[in-house]
Amino acid sequence: SMEFGSGIELDDVTSLMMYKKNNITLEKGERTLLPLFRGVAKTEPLYRLALSRSLYAEEVAKEPVWKVYRIYNDSTIPWIEGRVMLMMANRPLGVGNLPYIAPGKSGEIRVMTDQEIKAEVTESEFERVQSSMVFQETEYSFIRINGEIELENTKNEAIMIKVTHLLPGEVSAVGEGGTVVKKATLLAGPNPSSEITWEVPLPAQTAKKLTYTYQTYLPLPEIK
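What counts, and at which threshold
Counting restarts for each chain: residues are numbered from 1 in the order of the written sequence. Residue-level local features of this predicted model are given only where pLDDT is at least 70; pairs of side-chain atoms are given and counted only at 80 or more, and the full residue set underlies all totals for whole chains, interfaces and linings. To get the side-chain values, all heavy atoms of the structure are used, and hydrogens and water are removed first. Secondary structure elements are taken from DSSP: a helix is a run of H or I of four residues or more, a strand is a run of E of two residues or more, and numbering for both begins at the N terminus. Burial classes: relative accessible area under 20% of the type maximum marks a residue as buried, over 50% as exposed, and values in between as partly exposed (1.4 Å probe, protein chains only). Every residue pair with non-hydrogen atoms within 4.5 Å of one another is taken to be in contact. For accessible areas, the Shrake-Rupley method is used with a probe of radius 1.4 Å. Any residue's cover is judged against the shown protein chains and nothing else. A residue counts toward a patch only above 30% relative accessible area and without a salt bridge, and it is joined to like-charged neighbours within 9 Å or, for Val, Leu, Ile, Met, Phe, Trp and Tyr, to nonpolar neighbours within 5 Å. Definition used for salt bridges: Asp or Glu carboxyl oxygen within 4 Å of a side-chain nitrogen of Lys or Arg. The definition of a nonpolar core used throughout is a set of buried Ala, Val, Leu, Ile, Met, Phe, Trp, Tyr and Cys residues joined through side-chain atoms within 4.5 Å.

Q: Let's hear about the overall build of the protein: which residues, and what values?
A: Across its full length, the protein holds zero helices and 17 strands. Split into buried and exposed, the 224 residues of the protein put 31% on the buried side. In the protein, the proportion of contacts linking residues at least 24 apart, taken out of those at least 6 apart, comes to 64%. Approximately 14,600 Å² of the protein is accessible, and the part contributed by carbon and sulfur atoms is 51%.

Below, the structure written as structure tokens:
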């Protein structure tokens, strides 16, 4: 539930947000601060791990584990991206980037990395068919890969963690309640881009394993 500042109106002009306030006079050297709106936003703590693998990489790229806050926009207007400071009981939690959040949606603000949440990723090939297809005059081998993500919470408190993995290929199996979104085919090859998302609880002082299987086409190396 958002309330606009006194005397402020909002015009929604496509992607441009225009705020109107009349009767503002500034003398030379003066400055003013105009509150646009204020209200209560639902937030919840979350930990975030982003993984990705390119077609030619031998290992999965892994970002640090971040502590984030998920922010819900329950208002009727979109929130525009920008720098924000999170406060709790008048104490700063951190400074981060507020993403664009449409009405009724949520976004995440990254606050700090956390080394107490450990993550290890392993992928292993278990099937290969050499020269299984030709795409744009390039030969590709068909490969199937098993993956495991081992998470460990060394904290003395339970957490919720969101893990995403962006990979080249089609996901054929995913465990632990993960969901898959298949994206557009990569222009440089025959593979689509797929993203797996897990959001799982991780109790204190425990480890958990996430599993998945995907298939991809890998170009044969050129013979010189």
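Picking up after the structure, the text goes on.
Q: Lay out the environment of Glu148 in plain terms, naming residues and giving numbers.
A: Mapping Glu148 onto the fold places it in strand β12 (residues 138-153). Contacts of Glu148, omitting those with residues within four sequence positions, involve Glu120, Val121, Thr122, Lys209, Leu210, Thr211 and Tyr212.

Q: Which residues make up a nonpolar patch on the surface, and what values do they have?
A: On the surface, Ile24, Leu26 and Leu34 cluster together to form a nonpolar patch covering roughly 250 Å² of accessible area. Overall, the relative accessible area of 36% leaves Leu34 in the partly exposed class.

Q: Any details on the nonpolar core? Residues and values, ideally.
A: One finds Leu49, Ile149, Leu151, Ile161, Val163 and Trp198 to be the most contacted residues of the largest nonpolar core, which totals 22 residues. Listed by contribution, the elements that provide at least two residues to this core are β5 (43-52), β11 (117-135), β12, β13 (159-168), β16 (192-202) and β17 (206-219).

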